[in-house]
Structure formats: C-alpha cells, structure tokens
Amino acid sequence: MQDPKSGVKSQTQRLVITTIPHAITGEDIVAWIVNRFKIDATEARAMGTMMVAFGYIYPLQDHKRLILKPDTSLYRFQTPYFWPAQQWPVEDTDYAIYLAKRNIRKKGMLELYEQEQYNSLYKWMNHKWDFIVMQAKEQYRAGKERKKPDRVVFDCQERAYWVVHRPPVRNIWTEYRPYGQFNIIFNFIAFFCRIVKYATTYKEHDPLLHSCLPSNPWLTDDVTYWTLNMPNVETPTKMRVECWTFSFGELLMDPRGRADFRLFLKKEFSGENLAFWEACEDLKWGAAETMKEKAQQIYKTFLARGAPRWINIDGKTMDITVKGLAHPHCYVLDAAQTHIYMLMKKDSYGRYLKSPVFKETQRKAIAPEPHRFTETQLEQNAKRRRPSLSPIILRQQEEEQKAKLAASGPVDITQVMSELERKQKT
C-alpha cells in the first residue's frame, strides 16, 4: 500500500498551520482496496477500518474514532516501529511517561480519557513519579530539537499508538465513571485481546500446551528435557533463545539469557548497568537483616563519587536515592534501578538482538529431535510409577481396620498402629 508507484496515492497536506508529508485520504484507501482485491466498497471500508483499529493506519483529524471514513478525511500510514506485529509489551511506565510528556506540552489541558488515566497512573505509581516526570521532560526536550514537521508527525504516530494500545484504567471496577459500562466493555475487550496475543506468542513454548522436545518427561520418564533446559546450561535450545526476543523482561528472567546479555554489555563496556540491576534485585528480595549493609555496599560500588563501577544516572534520581539511603529499605534503590532498566531496555536490548553475540548464540542453539517411544515402552513407564494413595483413602482404610479390630476383641494398640504404618509404607 505504501509503494510509490502502485500503492495508495499520497501527497503533502496542510493541517492547520503545519505541513504533513505523505498524507492519504479515506476515499483513496477504499478505492485502492477495491481495485486490489476486487471487492465492493462496503467490504473495502470494513477492511480499512480494521487497519485503522489495529493501528496500521491512523487518522490525522479525528484521532479518537478508529474508523475509516470513505471521504476526504486525512490519514497516514503508521511507522513500522509502532506496528502491532512488533509485539512490544505495553507497560504502565511507558504510558505514564507519554502522558506526563503530553501534559507538559499541553500545559495540563489533557483530554478527558487521558486525564482519567493520568490520575489513575499517578496513584498507582506514586513511588516513582519523579522518575517518570524526569523521563518525560528529557523526551520533550529531545523532541523540541527536531524540525517542526518531523515533530508533528512523530507526535501523531505516538498518539495513534497509545490510542490503540493504552493499558486499562486500574481502578475501573471500584470507582464511578461517567461512561462506566463502555469503559468496562472496552477494557474487557482489551484484556481479552492481550490474553489472545500472549497465548498466540507463547503457545509453542508451554510444555503443557505444546509437545516437549525431545520428549515429554511427565509421560516418558526421559529427563533430557530437564537437562537441556537447566538454568545455566552451556548451549541453550532454539526455543529458549527465541523466547529472549519476545521482551526484555523474558531475557532478564532467564539466567542463561542474562549471562548472554552480560557478555554483550561487557564488550560494550557497560556491564555495570546489569550488575547494578542484579544487585538491586538481590537487595529487594534478600534477607532483611543484611539489607542495610547491602544498600551501603551497592552505593559504594555503583553510585558514590569515584566508585569502581560507577553508573550514569541523572542528578534528580541520585538525590532521591541518596536521601533514601539515610533510612534504607528494600525499595530504596527503586528509582535508580528503574532508570537503568529503562536505559538497557530502550538502548542496549535492541542492539543486543542485532549483535554478533546474540547471532552466534542463535547459530549454536540446539534444536532437539523428538524421541520416539512405542506404546509398550509408555505402558511400562506407567506401570513403574506407583502413585501414592490419596490421604482420604488412607484415612478410610485406617478407620476400617480399627473397626475390624474393635469387633474382634481387646488388642494391643501399639501392635495395630505398627501394622498400619507397615501397610502404608508398602
């Protein structure tokens, strides 16, 4: 559709006082779909509306109505970075930064739904709101350095992305809303779509929903699957390496993926970022009695002036962290950790996926061949397993045995109990 010769006709349009390049009209989109797929205008309009609703095309004028109007209304193709096919995980922090930046630009005059979500996120993420505002100011400052047409185009692209992908309001179920029923339905649909997207992405990586390679250890007693997927195995499987590309969080959750990312950062001379993040995780989930010593050690290693593994964070975040260290707690380094996490996610993670380190790991990754087991072997495995009896059945057997012994006359209770214990063990 974007081909200069055979695609939808585009031209530069003037919108208010700004010139927008490569703008297209709704009627041109419908006409192109009709000619391309040999369908009628109604079907073409429905297909175009789906493209708008999913975020591949966005309106320049009425951005809240995600439909395609078959008239001279102006639209624009979304940049591939914001396509849904990229499967970027939608996070509250990213949306909060966007709303804070938009609040700065509009001087507090947000739209109703934006103000509603801004207030909700402020309550939800109040503990790191200073960091969010700081990031928003930096992005706003960087955006002002662009040329005005480029700045307007990027703002439209970013707004169109969040109109489609914005996360639901967290307190939608407990607070009154003027459009409560609509919001509940919309958020349910958004939640359902996220579940479908997650299931589609991860279905081949779930050993209970998809066949395990080389074999299912729950059925065959073959432990090869566990061996190949050990936390720090030398050569990971292809499925495991593929999982690292889904999100930065997946990479950090896998010890083997984190080790690969650590090697990449070491070659970029920025390994201290990951080391600091890991130290903060250890502080957050470690023992309470060693918390104060760990916090001071992290400060001396990464944050103090002249520290051996000094990390680069802004002055405001440093001030928040230093003040918090006067009375340390498990979340005292949360602002600095979030800053470093976002830095690695936005900067280092993308370069890592294109780096020779990751490509070499991909090349060496194992693709296990499935083990074939006959029905006889599977039956023998099942017979070897002796599942333990339910506690309810054991209690019933015990009561029955006591009743029989009581009916037969006086007995030695010690002998009875030892006999029951022997039967349970066998």
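Sequence positions are assigned chain by chain, starting from 1 and proceeding in written order. Local features in a predicted model are, by the rule used here, given only for residues with pLDDT of at least 70; side-chain atom pairs are given and counted only at 80 or more, and totals for whole chains, interfaces and linings are based on all residues. The basis for the side-chain values is all heavy atoms of the structure; hydrogens and waters are excluded.

Chemist: I'd love a proper account of the environment of Lys38, names of residues and values included.
Modeler: Secondary structure elements follow DSSP: runs of H or I no shorter than four residues count as helices, runs of E no shorter than two count as strands, and numbering proceeds from the N terminus. In this fold, Lys38 is placed in the loop between α1 (26-37) and α2 (41-53). Side-chain atoms alone can form a polar contact between residues adjacent in sequence; in general such a contact is a pair of N or O atoms within 3.5 Å, and within protein one must be able to donate a hydrogen while the other accepts it. At 3.2 Å, the side chain of Lys38 and the backbone oxygen of Asn35 are in polar contact.

Chemist: Please provide a residue-by-residue account of the nonpolar core, values included.
Modeler: If you look at the biggest cluster of nonpolar residues, it comprises 57 residues, and the most contacted ones within it are Phe261, Phe276 and Tyr352. Each residue touching Phe276, except ones within four places of it in the same chain, is listed here: Ile298, Phe302, Leu303, Ile311, Ala336, Gln337 and Ile340. Ranked by size, the runner-up nonpolar core spans 13 residues in total, among them Ile29, Trp32, Ile33 and Val52. Put simply, buried Ala, Val, Leu, Ile, Met, Phe, Trp, Tyr and Cys residues joined by side-chain atoms within 4.5 Å make one nonpolar core. Burial status follows relative accessibility: with a 1.4 Å probe on protein chains alone, a residue under 20% of its type maximum counts as buried, one over 50% as exposed, and anything between as partly exposed. When checking whether two residues touch, look at their non-hydrogen atoms; a contact exists if any pair is within 4.5 Å.

Chemist: So what about the pattern of salt bridges? Which residues, and what values?
Modeler: Any carboxyl oxygen of Asp or Glu that lies within 4 Å of a side-chain nitrogen of Lys or Arg is treated as forming a salt bridge with it. Per the stated rule, a full pass over the model turns up 16 salt bridges. Two residues, Glu268 and Arg351, come together in a salt bridge whose shortest N-O distance is 2.5 Å. In this pair, Glu268 sits in the loop between α12 (255-267) and α13 (271-285) while Arg351 sits in helix α16 (residues 334-353), placing the two residues 83 residues apart along the sequence. According to the relative accessible area criterion, Arg351 is partly exposed, its value standing at 33%. In this structure, Arg351 and Asp347 form a salt bridge, with 2.4 Å as the shortest nitrogen-oxygen distance. Here the residue Arg351 and the residue Asp347 both occupy positions in helix α16, the gap between them amounting to 4 residues, near one helical turn.

Chemist: Help me get a handle on the pairing of strand β4 (residues 74-77), residues and values and all.
Modeler: Side-chain direction in a regular strand flips from residue to residue, so the side chains alternate between the two faces of the sheet. Every second residue of β4 is oriented toward a common face, with Leu74 and Arg76 on one face and Tyr75 and Phe77 on the other, all of them buried. Two strands pair under a simple rule: DSSP has to find at least two bridges between them. Pairing of strand β2 (residues 18-25) with β4, which is carried by 2 bridges, proceeds in the antiparallel orientation. Residue pairing across strands places Thr25 opposite Leu74, the latter belonging to β4. The sheet contact formed by strand β3 (residues 57-59) and β4 spans 3 bridges and is antiparallel. In the strand pairing of β4, Ile57 is matched with Phe77.

Chemist: With reference to specific residues and values, describe the layout of surface pockets.
Modeler: Site definitions follow a grid-based scheme: protein atoms alone, a 1 Å grid, a 1.4 Å probe that fits but cannot get out for cavities, and for pockets an open set with protein on both sides within 12 Å along at least five of seven lines, plus lining residues having an atom within 4 Å of a point. Grid points are joined across faces, edges and corners, and a volume is the space filled by probe spheres set on the points. Of the voids in this model, the second largest pocket is the one considered here, and its volume is about 580 Å³. Along the wall of the second largest pocket there are 22 residues; nearest its centre are His205, Tyr225, Asn229, Met239 and Arg240. Mapped by element, the contributors of at least two residues to the lining of the second largest pocket are α9 (224-228), α10 (238-244) and α11 (248-253). The leading source of residues in the lining of the second largest pocket is α10, at 4 residues. Amino acids are sorted into nonpolar (Ala, Val, Leu, Ile, Met, Phe, Trp, Tyr, Cys and Pro), charged (Asp, Glu, Lys and Arg) and polar (every other residue, Gly among them). Here the residues of the lining of the second largest pocket are counted per class, giving 12 nonpolar, 5 polar and 5 charged.

Chemist: Could you give an account of the packing of aromatic side chains, with specific residues and numbers?
Modeler: Two aromatic rings are characterised by how far apart their centres lie and by the angle between their planes. Aromatic rings from Phe, Tyr and Trp, taking only the six-membered ring of Trp, are treated as a pair when their centres fall within 6.5 Å; an angle between ring planes under 30 degrees marks them as stacked, one over 60 as edge-to-face, and anything in between as tilted. What the rule picks out here adds up to 19 aromatic pairs. On the basis of an interplanar angle of 75° and a centroid distance of 5.3 Å, the ring pair of Tyr225 and Trp226 is categorised as edge-to-face. The exposure class assigned to Tyr225 is buried, which follows from its relative accessible area of 15%. Assessed through its relative accessible area of 43%, Trp226 is described here as partly exposed.

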